[in-house]
Each structure stands twice: as structure tokens, then as C-alpha cells.
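Working through the structure, step by step
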Amino acid sequence: MPDFLDQNIKFLPGVGPNRAELLKKELGISSFRDLLYYFPYKYIDRTKFHKIRELDAHQAYIQVKGTLGNFELIGEGRKQRLLASFHDDTGSLDLIWFAGIKYIRENLKPRQEYVVFGKPSVFNGRMNIIHPEIETAASQQINTGVLHAFYNTTETLKKRFLTTRAINKIQYNLAQAIEGKIYETLPPTVREPLRLMPLKEALKQIHFPEDTKLLQKATFRLKFEELFYIQLKILSLKHRRQEVFKGFVFEHVGYNFNSFFQNNLPFELTGAQKKVIKEIRRDLGSGKQMNRLVQGDVGSGKTLVALMVALLAFDNGFQASLMAPTEILATQHFNTISRMLEGIGVTVALLTGSTRKKKREQIYAGIGSGEIQLLIGTHALIEDSVNFSKLGLVIIDEQHRFGVAQRAKLWKKNAGIPPHVLVMTATPIPRTLAMTLYGDLDVSVIDELPPGRKPIETRHYLENRRQQVYDFIREQVTKGRQAYIVYPLISESEKLDLANLEQGYELLKKVFPRFKLSIVHGKLKPAEKDAEMKLFKEGQTQIMVATTVIEVGVDVPNASIMIIESAERFGLSQLHQLRGRVGRGAEQSYCLLMSSYKISNESRKRLETMVRTNDGFEIAEVDLQLRGPGDLEGTQQSGLGFDLNIANLGKDGEILRVARDTAADILDADPGLQAKDNQLLAYHLQRMHTTEFDWSVIS
Ligand code: ADP
Ligand code: MG
């Protein structure tokens, strides 16, 4: 149904074909609706005027009222610029233009009063404002309120005079044009209990706020709506999936599970492990397909939980597969799990990118016949040639490295009933993000570490204390411990980083002549990597010099020291993952973060957070706040699937919770959204499906 708001923006007074073209190219705005939902990024109180004498270059945007002086054209060619002095009764500053010079000279008149708006800076000891927004003091402000909206624009737009001010004017024209044409998108049953501002009003206030209170209400309403429809969508997909997809019922607890539990389990399960296994068992008995995310901090014992669930699958005549993000990790899982299953008689196989052709074909045959019960591997598992005879359970370890689409591909490895899916992540995800990213999954949390673990002590050292760090390593290794020394490896500067790593390795050999060193990085062949890892694991080498390839899951309990070089270059969740490589044995463990003196505030905050806490969830929260969800490790790959226009998962957790609860209540009462009150919701859900979001990545 074409809508008034779908009209092309070029038909709006003040826009026209040229500007429409620009807006589309630069901001992706092509319809009335796009513009209406192009919200300001900040508001400034424009009743406030500064005095020129009070200005300093640290100020953000300011507004001054004064008189324009004469124009002066300075420099030539590309360096040419237009300069005009501007004074009030306290002093003067320079206004500078590098572009649009002709227009400015034709339109602004010296000795007239203007209001100038911009960010002050200092050049050659003189205060100036580059490309100010400027209008005659007499010209009517279109804003009725005191708060003035600011819109993001681009350099190109500014050069063509589509400044925030100009967008403001276009918004004003839009507001006139759409008067009476905005229809409510939330039914009273949703709006009234929460006292949400009507949409029409909210859209007006967001662009032209009358006061801060109304602006707040408008913002709340729009954020709520955005989050609410996303949750309604995710939850309705989940409802539908639960209706549509049957699941295998694992009703027996038999020989495999019991004999493992009685004979092979080397320790007591933690309370949290027991709780999670119970939750999983409930899913497995329900007759519906399980889609569960198990979150647990590094070292909380997720592998064991997964293994015990796999044993249930075998007891019920099904196969299971375990997919890991790296070859090292898959191999390690294969080794640990094979060892743990000794004497039980489960057939386990390992399939990775470097599995030889002959072996590979054997494995394909073994999976096809059902002889292989547990297949462990990397991405190689999702290739089309891998066909199971009766796949009942898919376990995905360290999910953040896998895309949601890949996850879906694994489901399809069974015709008919899809296997149960257990996703395990060691990157704790803040609840708000989990609700959105994994909103279609049920979540279990292992919130307890096995007993006897001593909290890792983390310290931050600057370059000048390197000697002390080396002394500390020497002392600890002499006592029989092992150490990791990790260098950053970030793709853009891969060559340089590798050189750093190798240089570091050479240097460390000289610093520690009596110790044996291993080196592992991504450029080594898998066999070389494994050989080095093995030496370290067996204690034949004492120091492991490595890049982040050791980040995920590697388990060497005797290693109790983690040195991270150039720690300022790592993200928080990566630092936390790396730190999780130590603290796995009985000894006190240490994580030493090395950085240069000059680091950004954000880096400092990251390092401080690491020193302050070992709690992965707290770290994840800080990470989300520092970086915003779009940048969070793994979210790109897993495809958030939608952009948030106004809400922010880092800041609007509370609104999200309300939105999710509201959506859940509605769907619980009326899963098909059949009720009269819910027609509006059904309509907009349908609309979302065809327009804004790529839901396929979630569903
Ligand atoms: P992660 O959650 O990081 O994958 P792992 O499954 O690798 O953790 O477990 C970390 C270590 O803790 C392993 O050496 C594992 O054998 C051990 N572990 C797991 N569960 C327990 C437990 N209940 N008691 C003692 N140790 C445990
Ligand atoms: Mg693990």
C-alpha cells in the first residue's frame, strides 16, 4: 500500500531534484519517511549567546551575536580562503571559508548584524570559526522552543549548503506537509499503560522540541517503538519456529551418560553446570527443537556440559557434532574429549581443513553410516559433502566466531526434523545485546567457576618497567610455571606485526637464555603450530610467544603468566579471552598488560577495566558502552540484521527490557496477533518484513 510518506523527497518544498539527489547519495534519504526518521543527533539551547572574549578552543559548538567586518580573500588556488572578521562588544574573531566563497560574498553583507554558530578554534594565536553557520540576527527562527536540533551532515553536503541548519529548514517544511498524515503505529493497549506520547506528537517534538521534558517523552516513545517491534519480530519468529519445528525427544539416560558420570568424571560438577544440564534436558524432552545459548565465562566448564549432552544424544541413538572456530581449538577438543571418553566406546572423529583426502573420505563414510557418533571439527563440518545418518545435536563452541547464517546451515543437515542446537559462548554478552542478537535463543548461564580457582591478578605496566616484568617472568618460570607472551596481530599491519613478533621472539631468547621458547602465529602450518603447542603443553618449552591464535579455548593449566604486549591495541573482550588462558591451575596466576605511555582515553579505560575486574559480564558491559553494539566483536559476523535509528543497546537497556516484556506478554496471550487490538501490530510486523530489516539473518 503506497503511503503518503513514501513520496520522493524531491517533491518537498525547499528540496527539488538536485538536493534530493544529494540527500539520497550522502545520507540515504529518498522519501518523506526517510527524512522524517532522520533524527537529530543533539540539541543545543539557542537562547544562549556567548561573548567573544569568553571563547576558547576547547568549547564545543557556540553561538555569538555580532557585526560582520569586511571580506578578505587570502592565498591562491587550492589554498585560497575567504576571511571576515566578526566582532561583538567584547572582542573579535575570524570567520573562515574554504569553499562556497562566491555564495558567501554575494549573500552576506559587511557591517550588518548576524548570529554566528560553530566550533571555535585557534590559528596563529587568533580565535576563528571555520565554515560557521550564519544568519541575520533579524531572521526568524523557525523553532518555537529553546532547543535547537542538530543533524549530521557530510562535508559534501556542507559544501553544497546542506548544513544542519538547512536540514532543519527542510524538516520544518516536511512538518507542514505531513500535518494530519501521521498514523499511530502502537495500539492503545500498548501505549496507555506506558503513557507513551502519540507518534504524531513524538515526531514533532523530536525535530522541534518545545522543552526538555517533552523531548524526553518523545525520545522514549520512539526508542520504545523501535525496540518493541524488533522484539515482537524476534519473539514471534521464535513462537512460530516452536510451532513448526518438531524436535527429537531424548528420553533415555543410558549407558553412555551413566558410565561417564560414574567412572570417567574426574571431578564434581559445579552447581551451575548441573543447573544448565537440567535446563537442557528439559528442552530435549519437550518434543521441540532446542535452540539454546550457554554463556559462561572462560574456564567455567562449558566443554564438559556439552559433552554430557552429547552423551545423551548417543544414548538415544543419535549422532552429535561439535564445531569450533579454529583448528587448534577443534584439535584440542578432540584430544580432551577422546581422553575423557576413554573406555566408554564412543567413536569420535576430527574433521578440519587440513584433514587428508583419504582420511576425509573415511570420515564421510563413517558419518553416513552412523558409525561415527561424534564429529568434532571446524567450518569443514558445514560443507555439503558432510552428511550424517542421524544427527540429533549440534554444538557450536565459541559462537561469536560463527555467523547466524552458518548456524542455520547446520540445522539443515537433517531432512525433516532439525537437530537440537546448543551454542556456547565464552564472550559474555551483555543482556541487552543477547536479547537482540540471540533473542530467538533460550539462554542458560554458567555463573560459577569450578572450586579452587584463584582470581587472576592483573597489572598494567608502562614501557619503562619492562625490566621488572622480565624479572618477574624469570622468577616465576624458575619456580616451574609457564608463561605466554602475546603480540597483537591486526590484519592491516600484518607484515609489521609479524616482524614485531619475530623480533620480540629473538629478543626474548636473549633475555631468557636458560629457558626454552615456543612461537606460534597464524602464518605457521597447522602441523607446525600443533607441534609447538604440544611442546608447550608438555612443559618442554616454558615460554610461548604467540599472536592471538592462542586466544580461544587453549588449555594449559600450568601456564600461570600472561603478558600482553601493546595491550592498548586489543579490544576488551579479546583481552579478557587472552587472560582466560591462565588461571586454570592451582597456582596464583598473573596477567601483565604492557602499553606505551601515550594511549587514548578509551584504551586507558579498557586497561583500567581489566585491572579492576575479572568478571566477564562486567567487562562486556563496559565494552558495549565504550564501543557501541555495532563494533562489538562478533556482532558484524553474526549480523545484527538491522540498524537502530534512535535506540542504543548500550544505553537503553531499561527501555529494551520493557519493550521485550511488553512484546512477550502480547504474544503469550495472542501468538498469531489475531485479536482486534493487535491488528495494528500485525500490520507493522508485516511491513517490517518487507522493508527495513533483513530478518533472514535472524530467523
Ligand atoms: P570453558 O568454559 O572456557 O570452555 P573448559 O570447559 O575448557 O572451560 O574448562 C576449563 C577447565 O576446567 C578444564 O580443564 C576442565 O576440565 C575444568 N573443569 C570443568 N568443570 C569442572 C568442575 N566441575 N570442577 C573442576 N574442574 C572443572
Ligand atoms: Mg571452551
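Since the model is a prediction, treat every value here as computed from it, not as a measurement.

What counts, and at which threshold
- Residues numbered from 1 in each chain as written.
- Chains lettered and ligands numbered in written order.
- Predicted model: local features only at pLDDT ≥ 70, side-chain atom pairs only at ≥ 80, totals over all residues.
- Heavy atoms only, no water.
- Helix = DSSP H or I, 4+ residues; strand = E, 2+ residues; numbered from the N terminus.
- Buried < 20%, exposed > 50% of the residue type's maximum accessible area, 1.4 Å probe, protein only.
- Contact = heavy atoms within 4.5 Å.
- Areas by Shrake-Rupley, 256 points an atom, 1.4 Å probe, with all protein chains shown as cover.
- Near = heavy atom within 4 Å.
- Polar contact = N/O pair within 3.5 Å; in protein donor to acceptor, adjacent residues only side chain to side chain.
- Core = buried A, V, L, I, M, F, W, Y, C linked by side-chain atoms within 4.5 Å.
- Pairing = 2+ DSSP bridges.
- Right-handed = clockwise from strand over helix to strand, strands pointing away.
- Axes fitted to C-alpha atoms, helices over the stretch in contact; angles between N-to-C directions.
- Parallel < 35°, antiparallel > 145°, perpendicular 65-115°, else oblique.
- Left-handed = near helix turned anticlockwise from the far one by under 90°.
- Phe/Tyr/Trp six-rings, centres within 6.5 Å; stacked < 30°, edge-to-face > 60°.
- Lys NZ or Arg CZ within 6 Å of the ring centre and 35° of its normal.
- pLDDT = per-residue confidence, 0-100.
- Salt bridge = Lys/Arg side-chain N within 4 Å of Asp/Glu carboxyl O.

The next thing to look at is the overall build of the protein. Of regular secondary structure, the protein possesses 24 helices and 22 strands. Expressed as a percentage of the 699 residues in the protein, the buried residues total 53%. Counting only contacts in the protein whose residues sit at least 6 apart along the sequence, the fraction spanning at least 24 positions is 74%. If you sum the accessible surface of the protein, you get close to 32500 Å²; carbon and sulfur atoms cover 51% of it.

Another point: the site of ligand 1. Near ligand 1, the surroundings consist of 17 residues, among which E268, G299, K302, T303 and R453 are the closest. For ligand 1, an oxygen atom lies 2.6 Å from a polar atom in the backbone of G299. One nitrogen or oxygen atom from the side chain of T303 is found 2.8 Å from an oxygen atom belonging to ligand 1. Contact with the protein chains removes 83% of the 560 Å² of surface that ligand 1 exposes when unbound. Among the elements that line the shell around ligand 1, the one with the most residues is helix α11 (residues 302–315), at 3 residues.

Let us now look at the nonpolar core. Among soluble globular proteins, nonpolar side chains are generally buried collectively. Grouped together as the largest cluster of nonpolar side chains are 44 residues, with contacts concentrated most on F260, I280, L341, L393, I395 and L422. Sorting elements by how many residues they give to this core places α11 first, with 11 residues. Apart from residues no more than four positions distant in its own chain, L393 is found in contact with M290, V309, A310, A313, Q319, A320, S321, P419, H420 and L422.

This brings us to the pairing of strand β22 (residues 590–595). When you tally the buried positions in β22, you get 6 out of 6 residues, the bulk of the element. Burial along β22 is two-sided: the face carrying Y590, L592 and M594 and the face carrying C591, L593 and S595 are both buried. One ladder, built from 6 bridges, connects strand β17 (residues 457–462) with β22; its direction is parallel. Pairing of T458 across the sheet is with C591, part of β22. In this sheet, β22 lies alongside strand β21 (residues 559–564) in parallel orientation, the contact comprising 4 bridges. Counted as the bridge partner of M562 is C591 from β22. Regarding topology, helix α19 (residues 572–579) serves as the crossover connection from β21 to the parallel β22, and that connection is right-handed.

To continue, consider the packing of helix α12 (residues 327–340) against helix α18 (residues 526–537). The axes of two packed helices give the description: the angle between them and the distance between them. Orientation of α12 relative to α18, taken along the N-to-C sense of each, is 55 degrees, at an axis distance of 11 Å. The angle between α12 and α18 places the two elements in the oblique class. Judged by the twist between their axes, the crossing of α12 over α18 is right-handed. Side by side, α12 and α18 meet where E327, I328, T331 and Q332 of the first sit next to P526, K529, D530, M533 and K537 of the second.

Secondary-structure assignment places I280 in helix α10 (residues 271–284). C-alpha separation for the pair I280 and V305, spaced 25 residues apart in sequence, amounts to 9.6 Å. Excluding residues within four positions of it along the chain, I280 makes contact with M290, R292, V294, V305, V309 and L422.

Take the sheet that holds strand β16 (residues 442–446) next. Here 7 strands make up an open sheet; going across it, the order is β12-β13-β11-β14-β15-β10-β16 and the pairing parallel. Taken across any chain shown, the strands that pair with only one partner, and hence form the sheet edges, are β12 (348–351) and β16. Going across the sheet, the axis of each strand differs from the next one's by a mean of 20 degrees, ignoring polarity. In the sheet, strand β14 (residues 391–397) pairs with strand β15 (residues 420–425) via 5 bridges, with the strands oriented parallel. Residue pairing across strands places D397 opposite M424, the latter belonging to β15. Set on the sheet, helix α13 (residues 357–369) makes contact with β11 (319–323), β12 and β13 (374–377); between it and β12 the angle comes to about 130 degrees.

Another point: the packing of aromatic side chains. Throughout the structure, instances matching the rule amount to 16 aromatic pairs. A ring pair is formed by Y103 and F161, whose centres lie 4.2 Å apart and whose planes are at 35 degrees; its orientation type is tilted. On the criterion of sequence distance, the pair formed by Y103 in helix α3 (residues 101–107) and F161 in the loop between α4 (155–159) and α5 (164–177) is long-range, its members being 58 residues apart. A ring pair is formed by F228 and Y229, whose centres lie 5.3 Å apart and whose planes are at 75 degrees; its orientation type is edge-to-face. With respect to burial, F228 and Y229 carry one shared label: buried. A cation over an aromatic ring shows up here: K42 above the ring of F150, its NZ or CZ 5.1 Å from the ring centre. One Lys or Arg, K390, reaches over the ring of F318 and ends 4.5 Å from the middle of that ring.

An order of β6-β7-β4-β3-β2-β5-β8 is seen for the 7 strands of this open sheet, with the pairing classed as mixed. Every other strand in the sheet has two partners, leaving β6 (120–123) and β8 (133–136) as the edge strands with one partner each. In this sheet, neighbouring strand axes are inclined to one another by 45 degrees on average, regardless of whether the strands run parallel or antiparallel. Bridge count for strand β3 (residues 81–87) against strand β4 (residues 92–97) is 6 bridges, and the pairing is antiparallel. Among the inter-strand pairings, S85 is bridged to a residue of β4, identified as D94.

So, about the confidence of the model for the protein. Summing up the model confidence of the protein, the mean pLDDT is 86 and the portion of residues at 70 or higher is 89%. Mean pLDDT across the secondary structure elements of the protein bottoms out at helix α22 (residues 635–638), with 36, and peaks at β12, with 97. Low confidence marks residues 630–640, where pLDDT is under 50. Its contacts with residues over four positions away, or in another chain, come to 27 contacts. Considering only residues more than four positions removed or in separate chains, one finds that residues 690–699, a stretch of pLDDT under 50, has 22 contacts.

Attention now moves to the pairing of β3. When strand β2 (residues 62–74) meets β3, the two strands line up antiparallel, connected through 6 bridges. Residue pairing across strands places F71 opposite A84, the latter belonging to β3. Hairpin connection between β2 and β3: a loop of 6 residues separates the two successive antiparallel strands, and G75 in this loop has a positive phi of roughly 75 degrees. In this structure, the hairpin formed by β3 and β4 is closed by a connection of 4 residues.

A full pass over the atoms with the stated rule returns 27 salt bridges. Two residues, R221 and E225, come together in a salt bridge whose shortest N-O distance is 2.5 Å. Taken together, the residues span about one helical turn, with R221 and E225 both in helix α8 (residues 212–244) at a distance of 4 residues. Here E225 falls in the buried class, since its relative accessible area comes to 11%. Put simply, R606 and E602 hold a salt bridge, and the shortest N to O gap is 3.5 Å. Pair noted here: R606 and E602 are both in helix α20 (residues 601–612), with a separation of 4 residues, about one helical turn.

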